[in-house]
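# A structural walkthrough
Residues per chain are reported as follows:
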Amino acid sequence: MTDNPDITSFSVTSSSSINGAKSDYTFFVKTKVQMESGDKILFTFPPQITFASTLTYSGIVGVSAISCTKDSYTFKCTLTFSSSPYSSDTEF
């Protein structure tokens, strides 16, 4: 993809709402355009969040691999889809 897609739906849920507790985060993303393997998505968090030294990714329907790099409070994730291009208006 060469342009930024319009995100039609985005949500984040946390496994815990207790301040300072360890928590898993679940992200849902839906775009208006097809996404290709190798496309990237950036997640920027507030500085108050502390991350574990090792991050894990699991249960991503339609995504066969994800590779992320961390720079300060931003994660840059490269996606590999099970079938590319990944259909528009499909949530992952």
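Scroll up a little and you will see the structure.
Note that this is a predicted model, so its numbers are computed, not measured.

### Here we look at the overall build of the protein
Across its full length, the protein holds 0 helices and 5 strands. Taken from N to C terminus, the helices and strands of the protein fall in the order β-β-β-β-β. Taken over 92 residues, the protein has a buried fraction of 17%. Taking contacts inside the protein between residues at least 6 apart in sequence as the whole, the part at least 24 apart equals 57%. Counting only carbon and sulfur atoms, one obtains 49% of the accessible surface of the protein, whose full area is about 6500 Å².

### Details of unusual backbone geometry
At S72, a residue that is not glycine, the phi angle is positive and equals roughly 60°. Examined against the element boundaries, S72 turns out to sit in the loop between β4 (63-71) and β5 (74-81). Given the relative accessible area of 44%, S72 is considered partly exposed.

### Remarks on the state of the cysteines
Counted under the stated rule, the structure contains 1 disulfide. A disulfide bridge connects C68 with C77, and the sulfur atoms are separated by 2.1 Å. Note on the C68 and C77 pair: the S-S dihedral is about 110°, so by sign convention the disulfide is right-handed.

### Some remarks on the sheet that holds β5
Pairing is antiparallel in the open sheet, where 3 strands are placed in the order β3-β5-β4. Only two strands of the sheet have a single partner each, and these edge strands are β3 (40-44) and β4. With direction set aside, neighbouring strand axes in the sheet form an average angle of 25°. Direction of pairing for β3 relative to β5: antiparallel, over a ladder of 5 bridges. When the sheet's bridge partners are listed, L42 is paired in β5 with K76.

About the thresholds
Residues numbered from 1 in each chain as written. Predicted model: local features only at pLDDT ≥ 70, side-chain atom pairs only at ≥ 80, totals over all residues. Heavy atoms only, no water. Helix = DSSP H or I, 4+ residues; strand = E, 2+ residues; numbered from the N terminus. Buried < 20%, exposed > 50% of the residue type's maximum accessible area, 1.4 Å probe, protein only. Contact = heavy atoms within 4.5 Å. Areas by Shrake-Rupley, 256 points an atom, 1.4 Å probe, with all protein chains shown as cover. Disulfide = S-S within 2.5 Å. Pairing = 2+ DSSP bridges. Axes fitted to C-alpha atoms, helices over the stretch in contact; angles between N-to-C directions.

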